[in-house]
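Notes for the structure review
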Amino acid sequence: GSEKGIRVPAEIDGDPVLKIGRKAFYYGIVKKVELSEGITTIGEYGLTCLTLEEVIFPSTLTKFGDYAMAECKALKEITLPDTITEFGTDIFSSCYALETVTLPSNMKVIPEDMFYRCEALTTVNFPDNLTHISKGAFMCCTSLTSITFPDSVKTIGSNAFSNCINLEEVILYENIISIDSYAFT
């Protein structure tokens, strides 16, 4: 059929599969990836796949490497599981079709360049205990029009929202202690 999907097994030849390695799906043509229980890590560029539309994450996933899902040009929506505790940089950079993101409820820091050039991004569901948005996190997200931060946010890094040319409304609370240079330019 037209649906190209892959289920990554929990084990291969009796050995457990714990990680999606560096560039495992690099520029592949898979539409759906299901990661089995037991997998804990998505490595650098591990799920970079041009046609990827859907990922089913296991409850065992704890780590996203740098650029883990960068350049997934067909991905429109993603909900990150609460089990993830380690995040690299540029995880979703240049995912041009990504519109909606739900971040893990325990996430405290949005890493550097996490959504850089996600040009279709319109909705970000922030966790209630988020404290810091790193530099360049939403840089060049040209479809963002409004952002409401949870009152837990204390710092916003440089260029965090620079070149978000349609951003018209930003709602901050009194708990903010630092907004770095060019954060909203």
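For the structure, see preceding data.
Per chain, the residues get numbers from 1 upward, laid out in the order the sequence is written. For a predicted model such as this one, the threshold for reporting local features is a pLDDT of at least 70, and the threshold for listing and counting side-chain atom pairs is 80 or more; totals across whole chains, interfaces and linings nevertheless cover every residue. For the side-chain quantities, the full set of heavy atoms in the structure was used; hydrogens and water were omitted.

Points about the overall build of the protein
Counting secondary structure elements, the protein contains 0 helices and 18 strands. Atoms counted for the radius of gyration: C-alpha only. Globule rule: 2.2 Å times residue count to the power 0.38. On C-alpha atoms alone, the protein measures out to a radius of gyration of 17 Å, which is about the 16 Å that the 2.2 N^0.38 rule sets for 185 residues. By its C-alpha atoms, the protein is 55 × 30 × 20 Å across when sized along the principal axes. Each residue is placed in one exposure class: buried if its accessible area under a 1.4 Å probe, protein chains only, is under 20% of its type's maximum, exposed if it is over 50%, and partly exposed if it falls in between. Put simply, the protein has 185 residues, and 44% of those count as buried. By definition in these notes, contact holds between two residues if any of their heavy atoms fall within 4.5 Å. The long-range fraction of contacts in the protein, counting pairs at least 24 apart against all pairs at least 6 apart in sequence, stands at 24%. Strands here mean DSSP runs of E at least two residues long; helices mean DSSP runs of H or I at least four residues long; both are numbered from the N terminus.

Structural notes on the sheet that holds strand S10 (residues 86-87)
When DSSP locates at least two bridges between a pair of strands, those strands are taken to pair. Overall, parallel pairing links the 4 strands, which are arranged S4-S6-S8-S10 in an open sheet. Either end of the sheet is taken by a strand with one partner, and the two such strands are strand S4 (19-20) and S10.

Description of a nonpolar patch on the surface
Together, Val170, Leu172, Ile179 and Phe184 give the surface a local cluster of nonpolar side chains, amounting to about 280 Å² of exposed area. Note on placement: Leu172 falls in the loop between strand S17 (169-171) and strand S18 (178-179). For Leu172, a relative accessible area of 32% corresponds to the partly exposed category. Patch definition: residues with relative accessible area over 30% and no salt bridge; like charges joined within 9 Å; nonpolar side chains (Val, Leu, Ile, Met, Phe, Trp, Tyr) joined within 5 Å. All accessibility values rest on the Shrake-Rupley procedure with a 1.4 Å probe; residue burial counts only the protein chains present in the view. Salt bridges are identified by distance alone: a Lys or Arg side-chain nitrogen within 4 Å of an Asp or Glu carboxyl oxygen.

Digging into the nonpolar core
Counting residues in each nonpolar core, the largest one holds 52 residues, and the members touching the most others are Met69, Phe92, Phe115, Phe138 and Phe161. The contacts of Phe115, once residues within four sequence positions are left out, are Phe92, Leu98, Val101, Leu103, Leu121, Ala137, Phe138, Met139 and Cys141. Definition of nonpolar core: a set of buried residues of the types Ala, Val, Leu, Ile, Met, Phe, Trp, Tyr and Cys, connected through side-chain atoms within 4.5 Å.

As for the packing of aromatic side chains
By convention, a stacked pair of Phe, Tyr or Trp rings (six-membered ring in the case of Trp) has centres within 6.5 Å and planes under 30 degrees apart, an edge-to-face pair has planes over 60 apart, and any other such pair is tilted. In total, this model carries 12 aromatic pairs according to the counting rule given. Ring centres 5.8 Å apart and planes at 35° place the aromatic pair Phe126 and Phe149 in the tilted group. Separated by 23 residues along the polypeptide, Phe126 in the loop between strand S13 (123-125) and strand S14 (132-133) and Phe149 in the loop between strand S15 (146-148) and strand S16 (155-156) bring together distant segments of the chain. By way of ring pairs, the aromatic residues Phe57, Phe64, Phe92, Phe115, Phe126, Phe138, Phe149, Phe161 and Phe184 are connected into one cluster. A ring has a charge above it when a Lys NZ or an Arg CZ is no more than 6 Å from the ring centre and no more than 35 degrees off the ring normal. The ring of Tyr26 has Lys23 sitting right over it, with the charged end atom 4.5 Å from the ring centre.

Considering unusual backbone geometry
The residue Tyr27 is not glycine, and still its phi comes out positive at about 55°. Of note, Tyr27 is situated in the loop between S4 and strand S5 (32-35). For Tyr27, a relative accessible area of 34% gives the class partly exposed. The phi dihedral of Arg117 falls on the positive side, at around 60°, and the residue is not glycine. By the secondary structure assignment, Arg117 is in the loop between strand S12 (109-110) and S13. Judged by relative accessible area, Arg117 falls into the partly exposed class, the value being 30%.

Notes on the sheet that holds S5
With parallel pairing, 3 strands are arranged side by side in an open sheet as S1-S5-S7. The two strands at the open ends of the sheet, each matched to only one other strand, are strand S1 (5-8) and strand S7 (54-56). Neighbour-to-neighbour, the strand axes of the sheet open up by a mean angle of 10°, direction not taken into account. Lines fitted to the C-alpha atoms define the axes, with helices restricted to the stretch that makes contact. Angles between their N-to-C directions range from 0 to 180 degrees.

Notes on the environment of Lys63
Looking at the secondary structure, you find Lys63 in strand S8 (residues 63-64). In sequence terms Lys63 and Thr85 are 22 residues apart; their C-alpha atoms lie 6.2 Å from each other. Those residues in contact with Lys63 that lie beyond four places of it in its chain are Thr40, Thr41, Ile42, Ile84 and Glu86.

Quick notes on the environment of Asn129
In this fold, Asn129 is placed in the loop between S13 and S14. Among residues more than four places away in sequence, those in contact with Asn129 are Ser105, Asn106, Met107, Lys108 and Ser152.

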